[in-house]
Amino acid sequence: QVQLVESGGGLVQAGGSLRLSCAASGRNFRINAMGWYRQAPGKQRELVAHITSGGITNYADSVKGRFTISRDNAKNTVYLQMNSLKPEDTAVYYCNADVWSAGVIGSSWGQGTQVTVSS
């Protein structure tokens, strides 16, 4: 079983920056695409940023130019650098990974990390 553990959330003022990290751990697994999602109170979970195993990235329009997703394949870790944060970025941020393990491909989720942006 693969576990994803996020870190780096917190409280920041508008215009500030945060960097989220998500590390995968387990035995005999391989990570394919990874992504960050977020869910604000009363709203559906939405994709924020996505990165393939080859490093191709994709962003939600609302974060383009402000957020950067990257990954370290040797560490099975994905990052989300968030700059110029806005109050509307406030949400619980979840890491997601497409994982191959024991011959099965599945999707794993982290437990979420809270990001709060004050105005």
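Small disclaimer: the values here were computed from a predicted structure and weren't measured.

A.B. asks: Quick question: what am I supposed to make of the environment of V12 here?
C.D. replies: Its place among the elements puts V12 in strand β2 (residues 10-13). Leaving out residues up to four positions away in the same chain, V12 has contacts with S17, L18, L85, T116, V117 and S118.

A.B. asks: Sorry if this is basic, but what is going on with the side chain of N96 here?
C.D. replies: By the element assignment, N96 lies in strand β9 (residues 91-101). A residue is classified by how much of its surface remains accessible, and N96, at 7% relative accessible area, is buried. Here S108 takes part through its backbone oxygen, which lies 3.2 Å from a polar atom of the side chain of N96. In this view, N96 contacts L4, A33, M34, G35, Y37, S107, S108 and W109; residues no more than four positions away in its chain are not counted.

A.B. asks: Any chance you could explain the sheet that holds strand β8 (residues 77-82) here in plain terms?
C.D. replies: Working definition: the strands of a sheet are paired by backbone hydrogen bonds and lie parallel or antiparallel to each other. The four strands lie next to each other as β1-β3-β8-β7, forming an open sheet whose pairing is antiparallel. Across the chains shown, the open sheet's two edge strands, defined by having one partner strand only, are β1 (3-7) and β7 (67-72). This sheet shows a mean twist of 15° between the axes of neighbouring strands, independent of strand direction.

A.B. asks: I keep staring at the packing of aromatic side chains and nothing clicks. Help me out?
C.D. replies: The relative placement of two aromatic rings is captured by the distance of their centres and the angle of their planes. Evaluated as defined, the whole model comprises one aromatic pair. The cationic tip of R45 hangs over the ring face of Y94; the distance from NZ or CZ to the ring centre is 3.7 Å. Taking NZ or CZ as reference, R45 lies 4.7 Å from the ring centre of W109, over its face.

A.B. asks: Sorry if this is basic, but what is going on with the pairing of strand β10 (residues 104-109) here?
C.D. replies: Regular strands have side chains that alternate between both faces of the sheet. Where β9 and β10 come together, six bridges link them in antiparallel fashion. Bridge assignment links S101 to a residue of β10, and that residue is V104. Here β9 folds back onto β10 in antiparallel fashion, the turn holding two residues, of which A102 has a positive phi close to 55°.

A.B. asks: Could you clarify how one ought to interpret the pattern of salt bridges in this entry?
C.D. replies: Pairing between side chains becomes possible if they bear opposite charge and their charged atoms approach one another. The full count for this structure, using the stated rule, is four salt bridges. Of the charged contacts in the structure, one is a salt bridge between E46 and R38, with a shortest N-O distance of 2.7 Å. Assessed through its relative accessible area of 35%, E46 is described here as partly exposed. A relative accessible area of 6% places R38 in the buried class. Ionic pairing is found between R66 and D89, a salt bridge with its closest N-O pair at 2.7 Å. Of this pair, R66 sits in the loop between β6 (57-59) and β7 while D89 is found in the loop between β8 and β9, placing the two residues 23 residues apart along the sequence. A relative accessible area of 11% places R66 in the buried class. A single network of salt bridges, built from pairs that share partners, joins R38, E46, R66 and D89.

Reading the values: rules and limits
Residues numbered from 1 in each chain as written. Predicted model: local features only at pLDDT ≥ 70, side-chain atom pairs only at ≥ 80, totals over all residues. Heavy atoms only, no water. Helix = DSSP H or I, 4+ residues; strand = E, 2+ residues; numbered from the N terminus. Contact = heavy atoms within 4.5 Å. Buried < 20%, exposed > 50% of the residue type's maximum accessible area, 1.4 Å probe, protein only. Polar contact = N/O pair within 3.5 Å; in protein donor to acceptor, adjacent residues only side chain to side chain. Pairing = 2+ DSSP bridges. Axes fitted to C-alpha atoms, helices over the stretch in contact; angles between N-to-C directions. Phe/Tyr/Trp six-rings, centres within 6.5 Å; stacked < 30°, edge-to-face > 60°. Lys NZ or Arg CZ within 6 Å of the ring centre and 35° of its normal. Salt bridge = Lys/Arg side-chain N within 4 Å of Asp/Glu carboxyl O.

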